[in-house]
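Okay, here's what each chain looks like letter by letter:
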Amino acid sequence: MGRPAASGGGSRGAPRWLPWLGLCFWAAGAVAARGTDNGDVLPDSIPSAPGTLPHFVEEPDDAYIIKSNPIALRCKARPAMQIFFKCNGEWVHQNEHVSEESLDETSGLKVREVSINVTRQQVEDFHGPEDYWCQCVAWSHLGTSKSRKASVRIAYLRKNFEQDPQGREVPIEGMIVLHCRPPEGVPAAEVGWLKNEEPIDAEHDENIDTRADHNLIVRHARLSDSGNYTCVAANIVAKRRSLSATVVVYVDGSWDVWSEWSVCSPECERLRIRECTAPSPRNGGKFCEGLSQESENCTDGLCILDKKPLHEIKPQSIENASDIALYSGLGAAVVAVAVLVIGVTLYRRSQSDYGVDVIDSSALTGNSLLLNSSLQPDLTVSRTYSGPICLQDPLDKELMTESSLFNPLTDIKVKVQSSFMVSLGVSDRAEYHGKNHSGTFPHGNNRGFSTIHPRSKTPYIQNLSSLPTRTELRTTGVFGHLGGRLVMPNTGVSLLIPHGAIPEENSWEIYMSINQGEPSLQSDGAEVLLSPEVTCGPPDMSVTTPFALTIPHCADVSSELWNIHLKKRTQQGKWEEVMSVEDESTSCYCLLDPFACHVLLDSFGTYALTGEPITDCAVKQLKVAVFGCMSCNSLDYNLRVYCVDNTPCAFQEVVSDERHQGGQLLEEPKLLHFKGNTFSLQISVLDIPPFLWRIKPFTACQEVPFSRVWCSNRQPLHCAFSLERYTPTTTQLSCKICIRQLKGHEQILQVQTSILESERETITFFAQEDSTFPAQTGPKAFKIPYSIRQRICATFDTPNAKGKDWQMLAQKNSINRNLSYFATQSSPSAVILNLWEARHQHDGDLDSLACALEEIGRTHTKLSNLTESQLDAADFNYSRQNGL
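Residues numbered from 1 in each chain as written. Predicted model: local features only at pLDDT ≥ 70, side-chain atom pairs only at ≥ 80, totals over all residues. Heavy atoms only, no water.

**Let's talk about the confidence of the model for the protein chain**
Residues at a pLDDT of 70 or more form 70% of the protein chain, whose mean pLDDT is 75. Confidence drops under pLDDT 50 across residues 351-471; counting only partners more than four residues distant or on other chains, this segment forms 295 contacts. Segment residues 858-884: pLDDT under 50, and 61 contacts once partners within four positions in sequence are set aside and those in other chains are kept. (pLDDT = per-residue confidence, 0-100. Contact = heavy atoms within 4.5 Å.)

Given below as structure tokens:
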């Protein structure tokens, strides 16, 4: 009997001699049953024919794992005493086999059937030169037989087609060729075609061929071949549709024959005509070329002109008539030009009176926007205000506040140092002196240093105890016509309601929440969740202007190795794609920044960002942090190392968990770039002081599978380490925490702390600071004063021959994609400024906006003519009317 070849230990944990040992036990039992000492003689009870090797009646087939469902591999052989599976050269543990025996009634031989299950995790954890494979090995008394190798692969189908069909116009009887390259998938997708949402059956139409590399070929175009064509790709996982391509089969017109000449008219002229009907142009085909009618003189003496025969009319009279017509035409042209000049002049004067006059080119020399030559470039103005600052808009006389720019602080001294902002009536940088008034809304930087204080009697540190728990990740606010901003503190999530988005005399209670439980968006194939699931509502509310939703994400977008999609949850609980971030769309707009995505939307609902890595070099940004606390045993100290998605709300969840466990943040959190290269993450504790501390066995180094880290959007991922002091007198702990990805990046967290509260030093960590007032309504929620905003929109919404319009405003603000979305808005400049407000909600970087406007070189003259007394009067009137 042959012995199976030896192989290394397998991931399933089965010893390589296990199948051989089981077979020996069977043989020993059979010999004992015969009552003989001769171990070489096989028992009579073996139901197999002498000299017969096992023959496989059924061999394992290639299989695909769909989503997270395991697959079963089966094999059947006769005669067979034992059958075992071997996967990737390693024996599968006996306990994982399901075996059945039966008797072949025809041959009387024993038939054995065996099956095993293969899971997605096993396939993902296998890193070999070939696909994951398994085969059966069957034993009989004569020897062994091996089945074919069955490969097991994870099935998927990517979202985007490698090539979508393109619409085209084809002349009748021409050839139509539509190219389609389906998305990458395992198994390879089968491709079909739809015309006007109906399947195309090429077998019943000899004029159509769909066999050539998934392309659709119509050999001779017919008028009935016009329509919308869609390429459909499907495999066992999913079904994808390409973008539709519109095909138009057109017919160029041709001339019919000339008609007969008409009779000679009293004007001595006869006509003939022909029609464009042989054939008529169809579906946008060219109209017939040439004349549709001809005329000629009929000077045979039969026509009468001015009651005289034609031959009696003198040529001079004809010339005089021609001169009269010529001079009349010239006179009419002169009058038309004069009227046009007068109209343009009056229009420019009327526009200048309302402050919308466009700057003359001479005013733009030297790259300066100052229209008042009396203003110097370094003009410094100091003013002291006792209340909010307001401006009066000369265009519509509407009083709007400017308090959002300076913050409504008492006893403010504002030092304006920008000549451009002086010309606008507002400063671009300000110096503040005074005290905060209760109820104000400070605008700080988006990130700042917060301090962790020593723990007192409460089981947690002070700065973390002020952060909301999971049940508090929801905020509401009442908004009206003036708009405002709704912020979820310390999460990076915010909602901007523009001025005028809600109709006048209406108000809505708008809410916003973050899902902190199990995500309802399940990953499909290689797709991963990159952001929290954010809900804003009420869902039945409608807006007249798009609002801006800011959602943080954890993708490293600098290398452009991601396909990032915005998804929305339907009322039925399913998720559907709204758009790809790089797509062109007029329904919504996505602007991807390094740490957040700003989305312009028209409807409320639940939104999230997902991503598909283009290559294994795609990177997710992880935040790594270490917390520590004393154990129940007074000599033990526990370390917990977290690796979570680099979004503020993900770290919020960690903070909430640690607060209930009494954890202390031991080191400033750091950023780790985690590649999508399928390699695992290792976390180890290094440099523990000898003779003072020791680490519990088997916990010094821990490894986390790649899939657990890559898809860590459910519960915060952490590893725990238990350290023990040798004596109670040891109170200081110093060590290093190394977090590294195999064939990737690593980070070191340096722990230097005291386990006693009285000796612990304060720790600073880089955290985002949001307003303590999550709902800001009215003008103070915006960085750009409303009057200034109106003037910018009035200037840049007007098309300009030099291209200095809203498109250049978008370009100067780093908005270079999907400009067609803004073109569909009633005021493109206003939507661009809304996007600017969403991106700069923390820094309020008016310097960058001022520089962008100066580079464009456009403003209007009335801004520089406003006096300081007019500005102060406007501020007082607006404050009194609006109760500020």
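The structure having been displayed, the exposition proceeds.
**Some thoughts on the state of the cysteines**
Under the criterion given, the structure shown has five disulfides. Disulfide pairing places cysteine 87 opposite cysteine 134 at an S-S distance of 2.0 Å. Where cysteine 87 bonds to cysteine 134 through sulfur, the torsion about that S-S bond is close to 105°, and the disulfide is right-handed. Highlighted residues: cysteine 87 in strand β4 (residues 82-87) and cysteine 134 in strand β8 (residues 132-139), separated in sequence by 47 residues. Each member of the pair cysteine 87 and cysteine 134 is classed as buried. Between cysteine 180 and cysteine 231 runs a disulfide, and the two sulfur atoms are separated by 2.0 Å. Taking the sign of the torsion about the S-S bond as the criterion, the disulfide between cysteine 180 and cysteine 231, at about -75°, is left-handed. (Disulfide = S-S within 2.5 Å. Helix = DSSP H or I, 4+ residues; strand = E, 2+ residues; numbered from the N terminus. Buried < 20%, exposed > 50% of the residue type's maximum accessible area, 1.4 Å probe, protein only.)

**Overview of the side chain of asparagine 834**
As for its position among the elements, asparagine 834 is in helix α12 (residues 828-839). Every residue in contact with asparagine 834, bar those within four places of it in the chain, is listed here: Leu496, Pro498, Thr545, Pro546 and Arg789.

**Let's talk about the sheet that holds strand β3 (residues 71-78)**
The four strands are arranged β1-β3-β7-β6 in an open sheet whose pairing can be described as antiparallel. The sheet is open, and its two borders are formed by β1 (55-58) and β6 (98-103), each paired with just one other strand. Ignoring which end each strand starts from, the neighbouring axes of this sheet average 25° apart. Where β1 and β3 come together, three bridges link them in antiparallel fashion. Looking at the pairing, phenylalanine 56 lines up with alanine 77 of β3. (Pairing = 2+ DSSP bridges. Axes fitted to C-alpha atoms, helices over the stretch in contact; angles between N-to-C directions.)

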